[in-house]
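# Structural overview
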Amino acid sequence: MRERERVVAIDLGCGKNKQQGTLGFDCRKEPGVNVLCDIEQPLPLKNDCADVIHLSHVMEHIQNLIPFMEELYRACKAGAVVKIVVPYYTSRGAFRDPTHVRYIAEDTFQYFEHPTDYGIRTDFRIETICYEMRKPFRYLPEFVRKRCRRHLWNVVENMQVTLRVRKP
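Residues numbered from 1 in each chain as written. Predicted model: local features only at pLDDT ≥ 70, side-chain atom pairs only at ≥ 80, totals over all residues. Heavy atoms only, no water.

Counting residues in hydrophobic clusters, the biggest one holds 40 residues, and the most contacted among them are Leu12, Phe68, Leu72 and Val82. For this core, the secondary structure elements donating two or more residues are strand 1 (9-12), strand 4 (50-56), helix 1 (65-75), strand 5 (76-87), strand 6 (124-133) and strand 7 (156-165). Per element, the largest residue contribution to this core is six residues, and it comes from helix 1. Residues contacting phenylalanine 68, with those up to four places away along its chain left out, are Leu12, Ile39, Leu55, Met59 and Ile62. (Core = buried A, V, L, I, M, F, W, Y, C linked by side-chain atoms within 4.5 Å. Buried < 20%, exposed > 50% of the residue type's maximum accessible area, 1.4 Å probe, protein only. Helix = DSSP H or I, 4+ residues; strand = E, 2+ residues; numbered from the N terminus. Contact = heavy atoms within 4.5 Å.)

Written out as structure tokens, the structure is:
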């Protein structure tokens, strides 16, 4: 009987809030950080090694998003899952932090779905997008929430996106 393969789960930019059961990567030494590195540089990971990557409130700080996403793709195995939490682009939280360098909408992830005219070398499939709605919007019917989300300011605080890695 073969020994079960170990799942490699990584929490990039974890700070002191590392996901349980993951290897924590961050540029600052905090409790729970296992690997000190600049996550905007090539990651100290082999090709095709990660099964799961968590990013919570990280992407909005990344200067060069395309090379960053290509690096995630390189490090992930085929079928790996990338779980992302970001402030929604129309939320107060997206604008108030002076260290944020970009705003992220659900459409942002479409650019990483498959090779594009932009020459981006990734092939992620968007599996789910969930919205952390503010009260009272979260109690409205879905079709009303969608319209509010698209046309009103500060309706959604955070967006949770799950991407699946597609590789040959």
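Picking up after the structure, the text goes on.
Moving on, we get to the pairing of strand 5. For strand 4 and strand 5, the ladder comprises six bridges, and the chain directions are parallel. Note on strand 5: the bridge partner recorded for valine 52 is valine 81. (Pairing = 2+ DSSP bridges.)

Moving on, we get to helix 1. With eight of its 11 residues buried, helix 1 lies for the most part within the structure. Inspection of helix 1 places Leu65, Phe68, Met69, Glu70, Glu71, Leu72, Tyr73 and Ala75 among the buried residues, and these make up the whole buried set. On the buried face of helix 1, the contacting elements are strand 1, strand 4, strand 5, strand 6 and strand 7.

The next subject is the pattern of salt bridges. Counting across every chain of the model gives 11 salt bridges. The shortest N-O distance in the salt bridge between arginine 134 and glutamate 157 comes to 3.9 Å. With arginine 134 in the loop between strand 6 and helix 3 (142-151) and glutamate 157 in strand 7, this residue pair connects regions lying 23 residues apart in the sequence. Residue classification places arginine 134 among the partly exposed positions, given a relative accessible area of 23%. Looking at glutamate 157, the relative accessible area reads 27%, which means it is partly exposed. The partner of arginine 145 in a salt bridge is glutamate 142, and the shortest N-O contact between them spans 2.6 Å. (Salt bridge = Lys/Arg side-chain N within 4 Å of Asp/Glu carboxyl O.)

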